[in-house]
Amino acid sequence: MTKRSIYVRHYLAKDSYAKQKAAPKPFQPKAETRGFRLEYLRLRFLTALLRPLIIKEVINMKNSKISLREAAIVLLVALAIMGTGVIGLHLSPQVPVLLAITVVIFWAKLTGFNWNEINAGIKDGIDKGIIPIVIFILIGAMISTWIAAGTIPTLMVIGFKAISAQWFLPTVFLVCSLVGAAVGSCFTVVSTVGIAFFGIGVTMNFNPALVAGAIVAGGVFGDKSSPLSETNNLAAAVVDTDLFDHMKTILWSTLPAATISTIAFAALGMGHNHADMAKINTTVAALSSDFHISIISLIPIILVFVCAGFKMAAIPTMLLNIFISAGMMFINTPSLNITKASNIITNGFVAKTSNSEVNLLLSRGGIVSMMPTVALIVLTLSLGGLLVHFGLIGAIMTPLASRLNSPAKLVTAALGACIGVNIFVGEQFLSIILPGRAFKKTFNNGGLASRALGRVLEDGGTVLNYLVPWGVGGVFIANTLGVPTIQYLPFVFFSLLCPVFSLLSGFTGIGLKKTATDDVEKRHSAVATEN
């Protein structure tokens, strides 16, 4: 190796060492620093994990500070707004409910709730109504396809030929009851055979509100008599009792109410001994000339019973029914194309017969027709979600439930709570769930069986929802039949009588299921020990 090469190698090695010495060293934290960072990350993770629970606890702390008086004032103001707007000023329910929501939100901001909590209340309320909203949209499509396929016109023609005017009202009540018991849904009854009966009744010159009352009363009674009913199953689950034991218990109020309703409708129908046969014949002729009237047209309604027999859920049943009915539309009307069929399903069926009254009766249905109902349901559920989320409903029910010590007081208070939830929240399921949770322990401590509470939940919650103008049931009936809730309300005898028989049972003890004496003594001793 030459002397020059030795100098070069020495220079390169020295230059490389200088660069390494000048380069910044990577950060190597000390053990204490690393421990601090790990603890910081652990706290961040725990905070993110527990944040929802912390928010919920803060909300509960705020709710616990809401007094009975404050909650009562807010609820009464909301009720006054909705009652004055709908009943007093005859406004559409959407605007009064929207104003009530505004008042509740204004109160919540003054109380200290933030927008995240307000949004959570609205979301919680709407979440409970997603499935009913989808069902109502499908019902709109099913109504239009049933008319176009000839199902509802065929039912009307059969009804005109088989039912006398004198016995029309009790027949409507009983047939709707049977259909309701088979399918387990008042909504399905009203949107199918109910529309056919409504058309027959109007043609026979009956009061539309009276006919609507008979349809709704029969549908509700059938709903309460069916093991397929969602509200029957829910009430039994809330009070932890067997479904069929629950259904036997509610017979103490449903059977007397149904009997009196049948007699009342028969008495009201006595004044219609002579129907206008010329008008009926003209209507039948118009239906026969413009629609496919045959037994085959009844396939969709038979399909409903078949699906109910197989315990198929409501949404797939309706989707299958819409598909079959749409197929029948193409068979009955060869000139129909996809565009026109889609328009019928979306915007509803438009009748173009030679009879203007038939056109008015059968121009209905479609997805779009359900949008006002959907809008009101969203608003009503939003209001109910806010009232529940902020603890306003609980602030009324919890103190009330804890101060009751007799069967009469328990039944009266539970009925009042169910009616109150129906009025303020407007949703069937919540009118069962909220009072059920609030009064379950109180009923047991008072010596009443869970089945007794289940019957009260049905008599004050389920059956009355159809009578609230801004309630889910009331809105649906009014939109489907075209009769305002306030007008048909006095004729829904079944729903009006069920709470009356519940009250009589509470004061007399007739049909009021009680727990064993030993169990009651054990509960009282347990309560005394806790106190």
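What you are looking at is a predicted structure, and each value in this text was computed from that prediction instead of being measured.

### Structural notes on the overall build of the chain
- Within the chain, the regular secondary structure consists of 26 helices and zero strands.
- Across the 531 residues in the chain, those meeting the buried criterion constitute 50%.
- Counting contacts in the chain only where the partners sit at least 6 residues apart, residues at least 24 apart contribute 78% of the total.
- On the chain, roughly 25500 Å² of surface is accessible, and the fraction owed to carbon and sulfur atoms is 67%.

### So, unusual backbone geometry
- In this structure, N205 takes a positive phi of about 70° despite not being glycine.
- Residues other than glycine seldom take positive phi values, yet D240 does so here, at roughly 60°.
- For D240, the position within the fold is in the loop between α11 (230-238) and α12 (243-269).

### Points about the nonpolar core
- Counting 93 residues, the largest nonpolar core has I139, M156, F168, F197, I215, L362 and F494 as the members making the most contacts within it.
- Broken down by element, the residue count for this core peaks at 12 residues, all from helix α6 (residues 130-149).
- With residues up to four places along the chain from it excluded, the contact list for I139 reads F187, S191, M318, M370 and F476.
- Formed by 56 residues, the second largest nonpolar core is a distinct cluster that contains L75, F113, L379 and V421.

### Quick word on the packing of aromatic side chains
- Inspection of the entire model under this criterion finds 15 aromatic pairs.
- Here F173 and F265 contribute two aromatic rings whose centre-to-centre distance is 5.7 Å and whose plane-to-plane angle is 35°, an arrangement assigned as tilted. Of the two residues, F173 sits in helix α8 (residues 168-183) while F265 sits in helix α12, which places them 92 residues apart along the sequence.
- With a relative accessible area of 1%, F173 lands in the buried category.
- With centroids separated by 5.0 Å and ring planes inclined at 90°, the aromatic side chains of F187 and F476 adopt a geometry described as edge-to-face. In this pair, F187 is assigned in helix α9 (residues 186-203) and F476 in helix α23 (residues 472-481), connecting sequence segments 289 residues apart.
- Take F476: its relative accessible area is 0%, and that puts it in the buried class.

### As for the packing of helix α7 (residues 151-162) against helix α13 (residues 277-290)
- Between α7 and α13, the shortest axis-to-axis distance is 10 Å and the interhelical angle comes to 150°. In terms of their interaxial angle, α7 and α13 are classed as roughly antiparallel. At the point where α7 passes α13, the crossing takes the left-handed sense. Where α7 abuts α13, its residues P153, M156, V157 and F160 lie against I280, T283, V284 and L287.
- Its residues assigned to classes, the contact of α7 with α13 comprises seven nonpolar, one polar and no charged.

### Concerning the pattern of salt bridges
- One pass over the structure, following the stated rule, counts four salt bridges.
- Put simply, K224 and D223 hold a salt bridge, and the shortest N to O gap is 3.4 Å.
- On the basis of relative accessibility, which here comes to 3%, the residue K224 falls in the buried class.
- D223 sits in the buried class, given a relative accessible area of 5%.

### Overview of α13
- Between its terminal C-alpha atoms α13 stretches 20 Å, which fits the 20 Å expected from 14 residues at 1.5 Å a residue.
- Where α13 is buried, its residues contact α7, α9 and α17 (356-362).

### A word on the state of the cysteines
- Summed over all chains, the structure comprises zero disulfides.
- In this model C176 remains outside any disulfide bridge; the closest cysteine sulfur is found in C186, 8.4 Å from its own.

### Observations concerning the side chain of T154
- If you trace the backbone, T154 turns up in helix α7.
- Residue T154 is classed as buried on the basis of its relative accessible area, which comes to 2%.
- Within polar-contact distance, the side chain of T154 engages the backbone oxygen of G150 at 2.6 Å.

### Brief notes about the environment of I433
- On the secondary structure map, I433 appears in helix α21 (residues 428-445).
- What makes I433 buried here is its relative accessible area of 18%.
- For the pair formed by I433 and L234, sequence separation is 199 residues and the distance between their alpha carbons is 8.1 Å.
- Contact partners of I433, with chain neighbours within four places excluded, come to L234 and V238.

### Focus: the confidence of the model for the chain
- Confidence in the prediction for the chain averages 81 pLDDT; 83% of positions are at 70 or higher.
- Mean pLDDT values for the elements of the chain range from 44 in helix α26 (residues 517-530) up to 93 in helix α10 (residues 208-224).
- Low pLDDT, under 50, characterises residues 57-64; the stretch is placed with 10 contacts to residues that sit more than four places away or in other chains.
- Low pLDDT (under 50) marks residues 517-531, which in the prediction has nine contacts with non-local residues, meaning those over four places away or in another chain.

Reading the values: the criteria
Residues numbered from 1 in each chain as written. Predicted model: local features only at pLDDT ≥ 70, side-chain atom pairs only at ≥ 80, totals over all residues. Heavy atoms only, no water. Helix = DSSP H or I, 4+ residues; strand = E, 2+ residues; numbered from the N terminus. Buried < 20%, exposed > 50% of the residue type's maximum accessible area, 1.4 Å probe, protein only. Contact = heavy atoms within 4.5 Å. Areas by Shrake-Rupley, 256 points an atom, 1.4 Å probe, with all protein chains shown as cover. Core = buried A, V, L, I, M, F, W, Y, C linked by side-chain atoms within 4.5 Å. Phe/Tyr/Trp six-rings, centres within 6.5 Å; stacked < 30°, edge-to-face > 60°. Axes fitted to C-alpha atoms, helices over the stretch in contact; angles between N-to-C directions. Parallel < 35°, antiparallel > 145°, perpendicular 65-115°, else oblique. Left-handed = near helix turned anticlockwise from the far one by under 90°. Nonpolar A, V, L, I, M, F, W, Y, C, P; charged D, E, K, R; others polar. Salt bridge = Lys/Arg side-chain N within 4 Å of Asp/Glu carboxyl O. Expected span 1.5 Å × (residues − 1). Disulfide = S-S within 2.5 Å. Polar contact = N/O pair within 3.5 Å; in protein donor to acceptor, adjacent residues only side chain to side chain. pLDDT = per-residue confidence, 0-100.

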